[in-house]
Every structure is written in C-alpha cells, then in structure tokens.
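# Chains, contacts and geometry: an overview
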Amino acid sequence: MKKWGSFLVLGIITILMSTPLAYKLVGVVYRNRNLTGEYIPILNGFIHSLMLVGLMIFIAGIALFIKDNK
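Residues numbered from 1 in each chain as written. Predicted model: local features only at pLDDT ≥ 70, side-chain atom pairs only at ≥ 80, totals over all residues. Heavy atoms only, no water.

Let us look at helix α2 (residues 18–29). A rise of 1.5 Å per residue sets the reference length of α2, with its twelve residues, at 16 Å; its end C-alpha atoms lie 16 Å apart and thus fit the reference within 8%. Within the span of α2, buried status applies to S18, A22 and V26. Down the axis of α2, the sector holding all buried residues measures 70°, keeping them to one side. Residues of α2 that are exposed and angled more than 90 degrees away from the buried face: K24 and V28. Those residues of α2 that are buried lie in contact with α1 (3–16) and α3 (39–69). (Helix = DSSP H or I, 4+ residues; strand = E, 2+ residues; numbered from the N terminus. Expected span 1.5 Å × (residues − 1). Buried < 20%, exposed > 50% of the residue type's maximum accessible area, 1.4 Å probe, protein only. Arc of directions from axis to C-beta. Contact = heavy atoms within 4.5 Å.)

Here it is in structure tokens:
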C-alpha cells in the first residue's frame, strides 16, 4: 500500500477510536483528582481534539494521494 493509503487508514482509525482514547487519556491526565462537575466538558474536549487530529491525518493522506496522481 502506498504511503497515502496508510495515512487515510490511520486517520479513519483515529477518528473512530477517539472516544475510547479520550476516556483513557482523561483517566491518565487527571488521575487522583476530583472532576465532579467538569468531567463531561473535559472529556468532550479530549474527544474533539482527537477527532481533529484524525481529520488532519486523513487530509494529509488525501493531499499525498492527489500529489501522487498528478
């Protein structure tokens, strides 16, 4: 598979796995802290940031695909 294909697959996997990864990251980053009222907003921030990273990886794959086909 070409380099662009691996970027496309990695971007899609990152987007699909953003929610479970965010749960784990919140647990790691905010260990031993009481997040009673702030857990959901912090979790949403992690989910959205991981989705943006996945989207950027996917766009990089599309750019490499277009560059290879020219």
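Having seen it, we continue.
Let us look at the packing of aromatic side chains. Applying the stated criterion across every chain yields a total of two aromatic pairs. Each ring, one from Y30 and one from F46, has its centre 6.4 Å from the other, and the planes form 90°; the classification is edge-to-face. One end of the pair, Y30, is in the loop between α2 and α3; the other, F46, is in helix α3, with 16 residues separating them in the sequence. A relative accessible area of 28% places Y30 in the partly exposed class. (Phe/Tyr/Trp six-rings, centres within 6.5 Å; stacked < 30°, edge-to-face > 60°.)

On to unusual backbone geometry, then. Here the phi dihedral of N32 falls at roughly 60°; this positive angle occurs in a residue that is not glycine. Here N32 is to be found in the loop between α2 and α3.

Here T14 shows up in helix α1. Within the structure, the side chain of T14 is placed 2.7 Å from the backbone oxygen of L10, a separation counted as a polar contact. Setting aside residues no more than four positions away along its own chain, T14 makes contact with L50, G54 and I57. (Polar contact = N/O pair within 3.5 Å; in protein donor to acceptor, adjacent residues only side chain to side chain.)

The next point concerns the packing of α1 against α3. Here α1 crosses α3 at 160°, and the two axes come no closer than 8 Å. Comparing their axes, α3 and α1 come out roughly antiparallel. The chirality of how α1 crosses α3 is left-handed. Here K3, W4, F7, L8, L10, G11, I12, T14 and I15 of α1 come into contact with α3, specifically with L50, M51, G54, L55, I57, F58, G61, I62, L64, F65 and D68. Considering only residue class, the contact of α1 with α3 consists of 14 nonpolar, four polar and two charged. (Axes fitted to C-alpha atoms, helices over the stretch in contact; angles between N-to-C directions. Parallel < 35°, antiparallel > 145°, perpendicular 65-115°, else oblique. Left-handed = near helix turned anticlockwise from the far one by under 90°. Nonpolar A, V, L, I, M, F, W, Y, C, P; charged D, E, K, R; others polar.)

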